[in-house]
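If you want the building blocks of each chain, they are given just below.
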Amino acid sequence: MPENDYLKPEGEIKLSDKQLMESPEMEKIAADVIKQNKIELGPAEVGYLLIYPNISKQRAAKCMKATREVKHYSGNDYLVEISGELWDMLDTDTKKMLLYHQLLHIDPVFKAKNQEWKMKIRKPDFSDFYEINDNFGNEWYKTIQATVSSLYDLDPRQESKVTM
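Quick caveat: nothing in here was measured; it's all calculated off a predicted structure.

Caption draft 1: View of the overall build of the chain. Within the chain, the secondary structure is distributed over 7 helices and 6 strands. If you list the helices and strands of the chain from N to C, you get β-α-β-β-α-β-α-α-β-β-α-α-α. For the chain, the proportion of its 164 residues judged to be buried stands at 37%. Expressed as a percentage of contacts within the chain between residues at least 6 apart in sequence, the contacts between residues at least 24 apart total 68%. Accessible surface computed for the chain: about 10900 Å², of which carbon and sulfur atoms make up 51%.

Caption draft 2: Region of the structure containing helix 4 (residues 92-103). In this model, helix 4 (12 residues) spans 16 Å end to end at C-alpha, consistent with the 16 Å of a helix rising 1.5 Å per residue. When you tally the buried positions in helix 4, you get 9 out of 12 residues, the bulk of the element. Within helix 4, the full set of buried residues consists of Thr-94, Lys-95, Met-97, Leu-98, Leu-99, Tyr-100, His-101, Gln-102 and Leu-103.

Caption draft 3: View of the pairing of strand 4 (residues 78-83). Burial within strand 4 is extensive, with 6 of its 6 residues counted as buried. Here strand 4 shows no split at all, with Tyr-78, Val-80 and Ile-82 on one side and Leu-79, Glu-81 and Ser-83 on the other all buried. Pairing of strand 2 (residues 46-52) with strand 4 involves 6 bridges; the strand directions are parallel. Considered in strand 4, the bridge of Val-46 is made with Tyr-78.

Caption draft 4: Expanded view of the packing of helix 4 against helix 6 (residues 139-152). As a packed pair, helix 4 and helix 6 sit with axes 10 Å apart at the nearest point and diverge in direction by 100°. By the angle class used here, helix 4 and helix 6 are roughly perpendicular. On the side of helix 4, the interface is formed by Thr-94, Met-97, Leu-98 and His-101, while helix 6 contributes Trp-140, Thr-143 and Ile-144. Grouping the constituent residues of the contact of helix 4 with helix 6 by class yields 4 nonpolar, 3 polar and no charged.

Caption draft 5: Summary view of the packing of aromatic side chains. In the structure shown here, the tally under the stated rule is 3 aromatic pairs. With centroids separated by 6.0 Å and ring planes inclined at 85°, the aromatic side chains of Tyr-100 and Phe-136 adopt a geometry described as edge-to-face. Here Tyr-100 is found in helix 4, whereas its partner Phe-136 is found in helix 5 (residues 126-136), with 36 residues between them in sequence. By relative accessible area, which is 43% here, Phe-136 ends up partly exposed. Here the aromatic rings of Phe-110 and Trp-117 are separated by 5.5 Å at their centres, their planes lie at 65°, and the arrangement is edge-to-face. Looking at Phe-110, the relative accessible area reads 39%, which means it is partly exposed. Overall, the relative accessible area of 39% leaves Trp-117 in the partly exposed class.

Caption draft 6: A look at the sheet that holds strand 4. Reading across the sheet, the 4 strands line up as 1-2-4-3 and stay open at both edges, with mixed pairing between neighbours. In this open sheet, the two strands that pair with only one neighbour each are strand 1 (19-22) and strand 3 (61-65). Strand-to-strand twist in this sheet, taken as the mean axis angle between neighbours without regard to direction, amounts to 25°. This element, helix 1 (residues 24-36), spans strand 1, strand 2 and strand 4 of the sheet and lies at about 135° to strand 2.

Caption draft 7: Layout of the layout of surface pockets. In this model, the largest pocket occupies a volume close to 270 Å³. A breakdown of the residues in the lining of the largest pocket according to their chemical character gives 10 nonpolar, 4 polar and 3 charged.

Procedures and definitions
Residues numbered from 1 in each chain as written. Predicted model: local features only at pLDDT ≥ 70, side-chain atom pairs only at ≥ 80, totals over all residues. Heavy atoms only, no water. Helix = DSSP H or I, 4+ residues; strand = E, 2+ residues; numbered from the N terminus. Buried < 20%, exposed > 50% of the residue type's maximum accessible area, 1.4 Å probe, protein only. Contact = heavy atoms within 4.5 Å. Areas by Shrake-Rupley, 256 points an atom, 1.4 Å probe, with all protein chains shown as cover. Expected span 1.5 Å × (residues − 1). Pairing = 2+ DSSP bridges. Axes fitted to C-alpha atoms, helices over the stretch in contact; angles between N-to-C directions. Parallel < 35°, antiparallel > 145°, perpendicular 65-115°, else oblique. Nonpolar A, V, L, I, M, F, W, Y, C, P; charged D, E, K, R; others polar. Phe/Tyr/Trp six-rings, centres within 6.5 Å; stacked < 30°, edge-to-face > 60°. 1 Å grid on protein atoms, 1.4 Å probe; cavity = no way out; pocket = protein on both sides within 12 Å on 5 of 7 lines; lining within 4 Å. Points joined across faces, edges and corners; volume = space filled by probe spheres on them.

Shown next as C-alpha cells:
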C-alpha cells in the first residue's frame with residue numbers, strides 16, 4: 001500500500017492567518033487607565049491580547065468574557081483584544097481611550113445571595129460612552145476609524161462601520 005504524504009507535514013504548519021500575542025504594553029497602559037479613572041473590576045483578572053494583523057478589517061477591538069477553559073488555563077476572567085496593526089499605529093492618548101472604552105465593558109457583579117462574583121459583559125450602549133464623551137469628546141473614536149480606514153483602504157461607508 002502506498003505511503004500517504006498527507007500525514008507527514010513538513011515545514012511550517014499554519015493553523016490560522018491570525019497571530020495572538022500577549023501585550024505587556026497594553027497591560028501597563030490599562031493599569032494606568034484603571035487607576036486614573038477609578039474603574040472597579042473587583043477580583044476580575046483581565047488578559048490583554050494583540051491580534052495580528054487584525055481582528056477583522058472593521059473590528060478594531062473587543063472585550064469578551066473568558067470561557068471556562070480559557071479561565072482554567074490562563075486565570076483570566078476577561079480578554080481584551082485589539083487589532084495589532086492598528087495598535088502599532090496609534091498614539092499613546094488614543095491607546096488609552098481605546099482601552100478605557102474596552103475596560104468599561106467589564107462588569108463583575110457580586111451576588112450576595114450566593115456570596116460569589118458573576119462575571120458579565122456590559123452591553124455597548126451609550127451609558128459607557130457618556131462617561132468618555134463628557135470628559136474626553138469623541139475625537140479618539142474618529143481617529144481609530146480613520147486609522148483603520150487608511151490601513152485597509154476602506155471607503156467612507158465602510159469606515160463608519162468600524163467598531164470596537
